[in-house]
Amino acid sequence: AATVYMSFESLLGAAVELAHLPTYDPFNHTTYTPSNLTAGSCWYFSVAAVNDVGSSAFTPVYLFSTALDTPGPPQNLHSANMSTTTCISMLWDACTTTGGSSVMQYELQADDGFAGPFEVVCLVSCSSFPCGCTATLDRPNVYRFRVRGINTVGAGTFSDVVTSSTSMQGESSSDFRHHGLHLSGSAAVDTSTGALVLTNGSHNVA
């Protein structure tokens, strides 16, 4: 019986592993599944067998790539502390992973203020973080928000749900109906004023 070793290395040479495979059985295929590889990355693979006499030569090197995936959840979704009776500004940090493909847009969703279904309130392209957008609403109320990234594969995992409210200023929320300001483009925070600025894109009121 022989011991089989597999060498695999990233295309950029960033990681190398010598894997010890189970004892080789000439009548069955020996398999090995590397774990914790980055989505959308390329890897070189080569295999050699070792017995009591010594080691064989490694096989020719083969190049394989892992599949692309949707983005991981964005982090740190929170209110920008810039709410009015009709507006709430929300900020978030980048996705935990891109899935091997650039995140093209972030989709912020909110419920209707009465724990109803979530709806999209804005889509933004983010070049720096924290990134965010402002939703305009009809009446003061408390809302649930969540955000996710979108890449070439599709929409990713949602962030944790966060609750935020408009400024009340004595107004009743009993007859609230949500429709929202929809943004499309890039948004960033002006660090000198704390304002959320739409840097590239458009908006429309639904």
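Since this is a predicted model, take the numbers as computed values, not measurements.

Basis of the calculations
Residues numbered from 1 in each chain as written. Predicted model: local features only at pLDDT ≥ 70, side-chain atom pairs only at ≥ 80, totals over all residues. Heavy atoms only, no water. Pairing = 2+ DSSP bridges. Helix = DSSP H or I, 4+ residues; strand = E, 2+ residues; numbered from the N terminus. Axes fitted to C-alpha atoms, helices over the stretch in contact; angles between N-to-C directions. Disulfide = S-S within 2.5 Å. Buried < 20%, exposed > 50% of the residue type's maximum accessible area, 1.4 Å probe, protein only.

### Let's talk about the sheet that holds strand E5 (residues 74-79)
What links the strands of a sheet is backbone hydrogen bonding, and the strands pair in either a parallel or an antiparallel sense. Strand order in this open sheet of three strands is E5-E6-E9, and the pairing throughout is antiparallel. What marks the edges here is a single partner per strand, and that holds for E5 and strand E9 (131-136). Geometrically, the sheet is characterised by an average inter-axis angle of 20 degrees between neighbouring strands, direction not taken into account. Here E5 pairs with strand E6 (residues 87-95) via four bridges, running antiparallel. Paired with Pro74 across the strands is Cys95, a residue of E6.

### Examining the state of the cysteines
What the rule picks out here adds up to two disulfides. Bridging Cys122 to Cys133, the disulfide has an S-S length of 1.8 Å. Placement of the pair is Cys122 in strand E8 (residues 119-125) and Cys133 in strand E9, with a sequence separation of eleven residues. The class of Cys122 is buried, set by a relative accessible area of 1%. For Cys133, a relative accessible area of 0% puts it in the buried group. Paired through a disulfide, Cys126 and Cys131 show a sulfur-sulfur distance of 2.1 Å. For the disulfide bridge between Cys126 and Cys131, the dihedral angle about the S-S bond is near -75 degrees, and by the sign convention the bridge is left-handed. Here Cys126 and Cys131 have matching classes, each one buried. Of note for the protein: the bonded cysteines, numbered N- to C-terminal, pair according to 1-4, 2-3. The cysteine Cys95 is free of any disulfide, with Cys126 supplying the nearest cysteine sulfur at 9.0 Å.

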